[in-house]
Amino acid sequence: MRGPGRCRERIYAFLRRRKTVVTLRGITSNSLSRFRVGEEAGRIAKQMATFQQPMEVIVATRNKGKLREFRDALKGLNLRIYGLNDFSDVPEVEEDGRSFTENALKKARFYARVFGKLTLADDSGLEVDSLRGQPGVHSARYAGERASSQKNNQKLLREMQGVPISKRGARFKCVIAVKSPAGREVLAEGSCRGRIGFKERGRKGFGYDPLFILPRDGRTMAELSLEAKNRISHRGKALRKIRKIIRSFS
Ligand code: ITT
């Protein structure tokens, strides 16, 4: 072989040694395969665009502390999370259930209907042994309708005056209900035991956190970072269960 033919063979031999010839041949010398490569790339790009679209999720809460914990526990899942405070004129739902489960389901069903999107609702609270499980489902309004956390904590300390440390056991409990627009429902729960302190300590978290002492190191929940709280808390435990199943709703 002479001239251009020999020259082309030498180039191919060189490229074959470098393992690039197959691709090069397919793309440069054959317009049909070039078309197929383009078509395939378009299909993959389309699939990736669908895949990368975040799933919109409503977390049916006005509690900023809860919402922060949801966002942290569900991060990395390609979700766009909205809380109720992200919208104006959102109707209220009465939390008149006798259990956390009843209230969580009621909130999830109500707001899934309002927004037509996948909705997560958390009902949670503190159950104190020496108060026979109170404040329980009334935790948010223990010291009265729309009471501040400070007022609720003061009332709890008053109710527990004279109770020795050995009898100050308590647990946080959380139930999360998930409701899809197609009607599917899932429940997840978590709890976390501790003791009620004699005074508030710590500035992180929310609600009863400054009074809730953890057995492992004597710190209160309000002395933990967001991530550390989520690792051990009632809500963190429930959210780990939700994390495992939430993509199956898309
Ligand atoms: P949404 O109904 O809008 O979600 P809320 O604060 O009213 O907000 P709940 O009805 O579930 O929520 O009441 C939960 C109350 O229980 C909350 O207000 C706190 O007082 C207490 N609580 C729940 N989880 C807590 C936590 O992780 N740390 C401290 N207090 C908590």
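As the structure is a prediction and not an experimental result, all values here were calculated from the model.

Definitions and limits used
Residues numbered from 1 in each chain as written. Predicted model: local features only at pLDDT ≥ 70, side-chain atom pairs only at ≥ 80, totals over all residues. Heavy atoms only, no water. Helix = DSSP H or I, 4+ residues; strand = E, 2+ residues; numbered from the N terminus. Buried < 20%, exposed > 50% of the residue type's maximum accessible area, 1.4 Å probe, protein only. Contact = heavy atoms within 4.5 Å. Areas by Shrake-Rupley, 256 points an atom, 1.4 Å probe, with all protein chains shown as cover. Patch = residues over 30% accessible without salt bridge, like charges linked within 9 Å, V, L, I, M, F, W, Y side chains within 5 Å. Salt bridge = Lys/Arg side-chain N within 4 Å of Asp/Glu carboxyl O. Lys, Arg positive; Asp, Glu negative; His and termini not counted. Charge placed at Lys NZ, Arg CZ, Asp CG, Glu CD. Phe/Tyr/Trp six-rings, centres within 6.5 Å; stacked < 30°, edge-to-face > 60°. Lys NZ or Arg CZ within 6 Å of the ring centre and 35° of its normal. Near = heavy atom within 4 Å. Polar contact = N/O pair within 3.5 Å; in protein donor to acceptor, adjacent residues only side chain to side chain. pLDDT = per-residue confidence, 0-100.

*Asks:* Help me out: how do you make sense of the overall build of the protein chain in this one?
*Replies:* If you tally the helices and strands in the protein chain, you get eight helices and six strands. Ordering the α and β elements of the protein chain from the N terminus gives α-α-α-β-α-β-α-β-α-β-β-β-α-α. The proportion of buried residues among the 250 residues of the protein chain is 40%. For the protein chain, long-range pairs separated by at least 24 residues make up 57% of all intrachain contacts whose partners lie at least 6 apart in sequence. Put simply, the protein chain shows about 15,100 Å² of open surface, and 52% of that area lies on carbon and sulfur atoms.

*Asks:* When you look at a positive patch on the surface in this model, what are you seeing that I'm missing?
*Replies:* A cluster of like positive charges, contributed by R216, K237, R240, K241 and K244, occupies part of the molecular surface. Summarising the element assignment, K241 is placed in helix α8 (residues 234–245). What makes K241 partly exposed here is its relative accessible area of 45%.

*Asks:* I'm lost on the packing of aromatic side chains in this one. Help?
*Replies:* Aromatic ring pairs are described here by two measures, namely the spacing of the ring centres and the angle between the planes. With the rule as written, the count across this model stands at five aromatic pairs. Ring geometry for Y82 versus F87: centroids 5.6 Å apart, planes at 50°, classification tilted. Residue classification places Y82 among the partly exposed positions, given a relative accessible area of 21%. Between F110 and Y111, the aromatic rings sit 4.9 Å apart at their centres with planes inclined by 90°, giving edge-to-face as the arrangement. Residue Y111 is classed as buried on the basis of its relative accessible area of 2%. Ring pairing ties together the aromatic residues Y82, F87, F110, Y111 and F115, which thus form one cluster. Here the basic side chain of K155 rests over the ring of Y142, its NZ or CZ set 4.4 Å away from the ring centre. Against the face of F198 rests R168, its NZ or CZ located 3.9 Å from the ring centre.

*Asks:* How should I be thinking about the site of the ligand in this particular structure?
*Replies:* Within the structure, the ligand sits among 20 residues, and T61, K66, E95, D209 and K229 are positioned closest to it. One of the side-chain nitrogen or oxygen atoms of N63 is found 2.9 Å away from an oxygen atom of the ligand. Looking at the shell around the ligand, the elements that each hand over two or more residues are β3 (118–128) and α8. Among the elements that take part in the shell around the ligand, β3 stands out by supplying four residues, more than any other.

*Asks:* How should α8 be read in this particular structure?
*Replies:* One turn of the α-helix equals 3.6 residues, which is why residues spaced by three or four share an orientation. When α8 is considered as a whole, its buried residues turn out to be H234, R235, G236, A238, L239 and I242. Lining the buried residues of α8 we find α4 (64–73), β3, β4 (169–179), β5 (185–196) and α7 (226–232).

*Asks:* I tried to follow the environment of S225 on my own but got confused; where do I start?
*Replies:* Tracing the sequence through the fold places S225 in the loop between β6 (212–213) and α7. On the basis of relative accessibility, which here comes to 29%, the residue S225 falls in the partly exposed class.

*Asks:* Quick question: what am I supposed to make of unusual backbone geometry here?
*Replies:* For residues other than glycine, phi is negative in most cases, and the peptide bonds are mostly trans. Cis geometry is adopted by the peptide bond preceding P135, which originates at Q134 and carries an omega value of -5°. By the secondary structure assignment, P135 is in the loop between β3 and α6 (149–159). In the Ramachandran plot, R132 falls in the positive-phi region, its phi being about 50° despite a non-glycine side chain. By secondary structure assignment, the location of R132 is in the loop between β3 and α6. A positive phi angle is found at R146, which is not glycine, with a value near 60°. Counting through the fold element by element, R146 comes out in the loop between β3 and α6. Accessibility expressed as a relative area gives 81% for R146, which makes it exposed.

*Asks:* What am I meant to see in the confidence of the model for the protein chain here?
*Replies:* Should pLDDT be low for a region, the predicted coordinates there are not to be read in detail. Taken over all residues, the pLDDT of the protein chain has a mean of 89, while the share at 70 or more is 81%. Predicted confidence is poor over residues 19–30, with pLDDT under 50, and the contacts of this stretch with residues over four places away or in other chains come to 14 contacts.

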